[in-house]
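Working through the structure, step by step
Spelled out, the chains give:
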Amino acid sequence: MLKIAYHPIYRHPLPEGHRFPMEKYDLLPQQLLHEGTCIKDNFFEPSKPNDKHILAVHEPEYYYNLVNITLDQRAARKIGFPLSEILVEREVIIADGTIKASLYALENGIAMNIAGGTHHAYTNRGEAFCLLNDQAIGTRYLQTKGLVKKVLIVDLDVHQGNGTAQIFQNDASVFTFSMHGKSNYPFKKETSDLDIALENNTNDNTYLQILKSTLLKLINQEKPDFIYYLSGVDIIASDKLGKLGLTIEGCKERDRYVLEQCKSNDIPVMCSMGGGYSPDIKTIVDAHANTFRLAQEIFF
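What counts, and where the lines are drawn
Residues numbered from 1 in each chain as written. Predicted model: local features only at pLDDT ≥ 70, side-chain atom pairs only at ≥ 80, totals over all residues. Heavy atoms only, no water. Helix = DSSP H or I, 4+ residues; strand = E, 2+ residues; numbered from the N terminus. Contact = heavy atoms within 4.5 Å. Core = buried A, V, L, I, M, F, W, Y, C linked by side-chain atoms within 4.5 Å. Buried < 20%, exposed > 50% of the residue type's maximum accessible area, 1.4 Å probe, protein only. 1 Å grid on protein atoms, 1.4 Å probe; cavity = no way out; pocket = protein on both sides within 12 Å on 5 of 7 lines; lining within 4 Å. Points joined across faces, edges and corners; volume = space filled by probe spheres on them. Nonpolar A, V, L, I, M, F, W, Y, C, P; charged D, E, K, R; others polar. Salt bridge = Lys/Arg side-chain N within 4 Å of Asp/Glu carboxyl O. Axes fitted to C-alpha atoms, helices over the stretch in contact; angles between N-to-C directions. Parallel < 35°, antiparallel > 145°, perpendicular 65-115°, else oblique. Pairing = 2+ DSSP bridges.

1. So, the overall build of the protein chain
- The helix and strand inventory of the protein chain stands at 11 helices and eight strands.
- For the protein chain, contacts bridging at least 24 residues in sequence account for 75% of all contacts bridging at least 6.

2. Some remarks on the nonpolar core
- By size, the foremost hydrophobic cluster in this structure holds 94 residues, and its most contacted members are Tyr10, Ile114, Phe177, Tyr207 and Leu259.
- Residue contacts for Phe177: discarding those within four places in its chain leaves Leu152, Ile153, Val154, Asp155, Leu156, Leu194, Ile196, Leu211, Thr214 and Leu218.

3. Side note on the layout of surface pockets
- Estimates place the volume of the largest pocket at around 410 Å³.
- Lining the largest pocket are 30 residues; nearest its centre among them are Phe20, His120, Ala128, Phe129 and Tyr277.
- Looking at the lining of the largest pocket, the elements that each hand over two or more residues are helix 1 (24–35), helix 4 (73–79) and helix 5 (85–108).
- When its residues are assigned to classes, the lining of the largest pocket shows 11 nonpolar, 10 polar and nine charged.
- Space inside the second largest pocket adds up to approximately 250 Å³.
- For the second largest pocket, the lining is made up of 19 residues, of which His18, Phe20, Pro21, Met22 and Glu23 are closest to its centre.
- The residue inventory of the lining of the second largest pocket, partitioned by class, reads 10 nonpolar, four polar and five charged.

4. Considering empty space enclosed by the protein
- Overall, the coordinates contain two cavities of 30 Å³ or more when judged by the stated rule.
- Its boundaries defined by the atoms lining it, the largest cavity holds a volume of some 40 Å³.
- As for the largest cavity, its lining consists of Gly117, Thr118, His119, Asn133, Asp134, Gln135, Ile153, Asp155, Thr164 and Leu230.
- Of all the secondary structure elements, the ones that give two or more residues to the lining of the largest cavity are helix 6 (134–144) and strand 4 (151–155).
- Grouping the constituent residues of the lining of the largest cavity by class yields two nonpolar, six polar and two charged.
- Surrounding the second largest cavity, Ile153, Asp155, Gly161, Thr164, Thr176, Phe177, Ser178 and Ser192 form its lining.
- At the level of elements, strand 4 and strand 5 (174–181) are the ones that each hand at least two residues to the lining of the second largest cavity.
- A per-element tally of the lining of the second largest cavity places strand 5 first, with three residues.
- In the lining of the second largest cavity, the residues fall into two nonpolar, five polar and one charged.

5. Points about the pattern of salt bridges
- Within the structure shown, the criterion is met by 13 salt bridges.
- In this structure, Arg293 engages Glu35 in a salt bridge whose closest nitrogen and oxygen atoms are separated by 2.7 Å. Of this pair, Arg293 sits in helix 11 (residues 281–299) while Glu35 sits in helix 1, and the two are 258 residues apart along the sequence.
- Judged by relative accessible area, which is 21%, Arg293 ranks as partly exposed.
- When the shortest N-O distance is used, the salt bridge between Lys150 and Glu222 registers 2.5 Å. Pair noted here: Lys150 is in the loop between helix 6 and strand 4 and Glu222 is in helix 9 (residues 215–222), with a separation of 72 residues, a long-range link. Comparing Lys150 with Glu222, the two get one shared label, buried.
- Connected through shared salt-bridge partners, Glu35, Asp286 and Arg293 make up one network.

6. Some remarks on the packing of helix 8 (residues 204–212) against helix 10 (residues 248–264)
- One way to put it is that helix 8 packs onto helix 10 with a least axis distance of 10 Å and a crossing angle of 10°. For the element pair helix 8 / helix 10, the angle class is roughly parallel. Residues Asp204, Tyr207, Leu208, Leu211 and Lys212 of helix 8 lie in contact with helix 10, whose contacting residues are Gly250, Glu253, Arg254, Tyr257 and Val258.
- Among the residues making up the contact of helix 8 with helix 10, the classes are represented as five nonpolar, one polar and four charged.

7. Observations concerning the sheet that holds strand 3 (residues 110–113)
- Strands sit in the order 2-1-3-8-7-4-5-6 across an open sheet of eight strands; the sheet is parallel. Each end of this open sheet is capped by a strand with a single partner; those strands are strand 2 (43–44) and strand 6 (194–198).
- Here five bridges tie strand 5 to strand 6, and the two strands are oriented parallel to one another. Within strand 6, the residue paired with Ser178 across the bridge is Asp195.

8. Side note on unusual backbone geometry
- Omega for the bond connecting Tyr185 with Pro186 falls within 30 degrees of zero, at -5°, which places this linkage in the cis form.
- Here Pro186 is to be found in the loop between strand 5 and strand 6.
- With phi around 55°, Ile69 is a residue other than glycine that occupies positive phi space.
- Looking at the element boundaries, Ile69 is found in the loop between helix 3 (60–67) and helix 4.
- Even without being a glycine, Asp266 presents a positive backbone phi close to 55°.
- With respect to the helices and strands, the residue Asp266 is situated in the loop between helix 10 and strand 8 (269–272).

That's the geometry; what it means functionally is another story.
Quick look at the structure:
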């Protein structure tokens, strides 16, 4: 069965007019249940993990400043959400969702988190709606437990996975691959093991051609035991914070290709949803829902 991490805390109250579409975290599971893609048993509720799993990635000073809400104002502003105890609890629970989904992926071939994809969180700071790096925490958890050795992180959010690149720099056990908008945030990029920077308005055909000429080659080259897939839907043309030109169908074909490669090469994959900022919330929910629909179709 497809297992999906979800917790009511994922939808966090924000000031009126905030550009982050927090309501998607309620609407997406509702849509999946309504259309019959999922049943209630597909979902599991994460909790707070042991701090040691977070401290395997993040520096203690930064983490405990978050927990105690003693982060300095400049650092807090970079996160982009008003800092609070409940916000930090939310992020910790999202990380646990990714840890537990990673274990389900080892059992079932795939598992997912309704939230996550917090790839702008560095070892010692957060930015751009990211406090803790969920896929980095999941990676270290699996490696520390001796469950996997080599991990491939496939980050196809429109924004470069700068925090993930920094966390795993000089670490041969994790290969970071980020395909993102060239002229988009972050404006000072980090160096992933492989970065592909795309021009503004890149269309479906060009995007898929580049992905298909890259991913299988990487799998054959790196021979990962496990893949983390960051399936941001901010690559579509209507996205307010992206600058690419894909259709929602092109975004779906991206997901289909990635998941089919994981399945055909017998590599467990854990998916975190990442970003999506189209003006119409229905567009965001439908684009994210496609990832879950395809997971059911391809793996079950």
